[in-house]
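If you want the building blocks of each chain, they are given just below.
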Amino acid sequence: HSAPLVIDPTVLYSKSYGPFGTAATGFAPGPQDNLYVIGSLPGGATLDTTATSHNLGNPGGRSDVFVARMDMAGNFVWVTYLGGSSSDFGRAIVLDSTGAIYITGSTTSLDFPVSSKAFQKASTAPLSGFLTKLDSSGANILYSTYLGGKDGSVFPARLALAGSNLVVAGETESATFPTGAAGGAQPYQKSSGSPGNLDIFLSKINADGSDLIFSTYLGGNAEDDIAQMIPDGDGNFIIRSEEHTSE
């Protein structure tokens, strides 16, 4: 506890960006005390900035994902717009030690950009998850993959790094969400606890986005929501959840 106790913190900046319908949903600290932001905005819209911008995929559908780097004064350094021809929603973001950017969210786009070695190259669900890694400039996709089953929606919500691998957690209604583990080991929970209702999922994808190291359901016979995912420092993850039941 070497940091000073601040009773009345000072607001360094407060600004608003983007048209009506723009929402920032995830934040991550980065180099030079910059802030990295992920969110969604109406398709084809921009954040009204003259900063460098990048378009990845085919943004301009009903809604697009945006990723932005902001300096210490709240000014945009760059903005990336990402998506397909339908609805795309950004949810969470994390950076690694090289400055590479990992993002996740949900999409209804059948043409969301995916990489050549993607674990899932196509979406067959009404709302699939996605996992995307960008380089430190935000201008290039290092890998990108869908994540979901053949039925039901997927709502990724939390991201964390485990070495060079990415861990994602969220909720899904899918009874066919991919589960398994490297070497053919059985997942902690192979099947949905309540098909058609929300179950938590926890998945770990390898460094190039081409395969799952493990993936499991976490849920009972009611609606389950993830509230928090915390790395414990030993390669494990603590999941805090909420269960909703009509009983």
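Residues numbered from 1 in each chain as written. Predicted model: local features only at pLDDT ≥ 70, side-chain atom pairs only at ≥ 80, totals over all residues. Heavy atoms only, no water.

Visitor: Any chance you could break down the overall build of the chain for me, citing the residues and the numbers?
Guide: When you go through the chain residue by residue, the secondary structure sums to zero helices and 16 strands. Its C-alpha atoms give the chain a radius of gyration of 18 Å, near enough to 18 Å, the size a compact globule of 247 residues would have. The buried share among the 247 residues of the chain stands at 49%. Carbon together with sulfur atoms contributes 51% to the accessible area of the chain, which is approximately 11900 Å² in total. Of the side chains in the chain, 12 bear a positive and 23 a negative charge, and the two mean positions are spaced by 7 Å. (Helix = DSSP H or I, 4+ residues; strand = E, 2+ residues; numbered from the N terminus. Rg over C-alpha atoms; globule rule 2.2 N^0.38 Å. Buried < 20%, exposed > 50% of the residue type's maximum accessible area, 1.4 Å probe, protein only. Areas by Shrake-Rupley, 256 points an atom, 1.4 Å probe, with all protein chains shown as cover. Lys, Arg positive; Asp, Glu negative; His and termini not counted. Charge placed at Lys NZ, Arg CZ, Asp CG, Glu CD.)

Visitor: Hey, could you go over the environment of Glu242 for me, with residue numbers and the actual values?
Guide: With respect to the helices and strands, Glu242 occurs in strand E16 (residues 237–244). By relative accessible area, Glu242 is classed as partly exposed at 39%. Taking the C-alpha atoms as reference points, Glu242 and Gln228, 14 residues apart in sequence, are found 9.7 Å from one another. Leave out the neighbours within four places in its chain, and Glu242 touches Glu223, Asp224, Asp225 and Ala227. (Contact = heavy atoms within 4.5 Å.)

Visitor: Please give an account of the pairing of strand E14 (residues 212–218) that cites residues and values.
Guide: As judged from the two bridges shared by strand E12 (residues 180–181) and E14, these two strands associate in the antiparallel manner. The residue of E14 that forms the bridge with Gly180 is Ser215. In this structure, strand E13 (residues 199–205) lies alongside E14, joined through six bridges in antiparallel fashion. Along E14, the bridge assignment pairs Ile205 with Leu212. Counted between consecutive antiparallel strands, the loop separating E13 from E14 contains six residues, among which Gly209 sits at a positive phi close to 70°. (Pairing = 2+ DSSP bridges.)

Visitor: Explain the packing of aromatic side chains to me, and be specific about the residues and the numbers.
Guide: Counted according to the given criterion, the structure contains six aromatic pairs. Of the aromatic side chains, those joined through ring pairs into one cluster are Phe112, Phe130 and Tyr146. (Phe/Tyr/Trp six-rings, centres within 6.5 Å; stacked < 30°, edge-to-face > 60°.)

Visitor: Tell me about the layout of surface pockets, and name the residues and values.
Guide: Quantified by volume, the largest pocket comes out at close to 200 Å³. What lines the largest pocket is a set of 15 residues, and nearest its centre among them are Tyr17, Ala24, Phe27, Val37 and Met70. Elements with a contribution of two residues or more to the lining of the largest pocket: strand E1 (23–29), strand E2 (35–42) and strand E4 (63–70). Here the lining of the largest pocket is composed, by residue class, of 12 nonpolar, two polar and one charged. (1 Å grid on protein atoms, 1.4 Å probe; cavity = no way out; pocket = protein on both sides within 12 Å on 5 of 7 lines; lining within 4 Å. Points joined across faces, edges and corners; volume = space filled by probe spheres on them. Nonpolar A, V, L, I, M, F, W, Y, C, P; charged D, E, K, R; others polar.)

Visitor: I'd like a description of the sheet that holds strand E6 (residues 88–95), backed by residues and values.
Guide: Ordered by their spatial adjacency, four strands build an open sheet running E6-E7-E8-E9, and the pairing between neighbours is antiparallel. Of all the strands in the sheet, the pair left with one neighbour each is E6 and strand E9 (141–147). Along the sheet, successive strands turn relative to each other by an average axial angle of 20°, direction set aside. With seven bridges connecting them, E6 and strand E7 (residues 101–107) associate as antiparallel partners. (Axes fitted to C-alpha atoms, helices over the stretch in contact; angles between N-to-C directions.)

Visitor: So what's going on with the sheet that holds strand E10 (residues 154–162)? Which residues, and what values?
Guide: Reading across from one edge, E10-E11-E13-E14-E12 is the order of the five strands in this open sheet, with antiparallel pairing throughout. The sheet terminates laterally at E10 and E12, the two strands that pair on one side only. Bridge count for strand E11 (residues 165–172) against E13 is seven bridges, and the pairing is antiparallel. Bridged to Ala169 within E13 is Leu202.

Visitor: Before we move on, could you go through the pairing of E6 and cite the residues and values that matter?
Guide: Of all eight residues in E6, six are buried; the element is thus mostly enclosed. In this antiparallel pair of consecutive strands, E6 and E7, the connection spans five residues, and Gly99 shows a positive phi of 95°.

Visitor: Now, about the environment of Leu159: what can you tell me, with residues and values included?
Guide: The residue Leu159 is located in strand E10 in this model. Through-space distance from the C-alpha of Leu159 to that of Ile230 is 9.6 Å; in sequence the pair is 71 residues apart. Each residue touching Leu159, except ones within four places of it in the same chain, is listed here: Ala92, Ile93, Val94, Tyr102, Ile103, Thr104, Leu131, Leu166, Val167, Val168 and Met229.

Worth remembering: the numbers are spatial, not functional.
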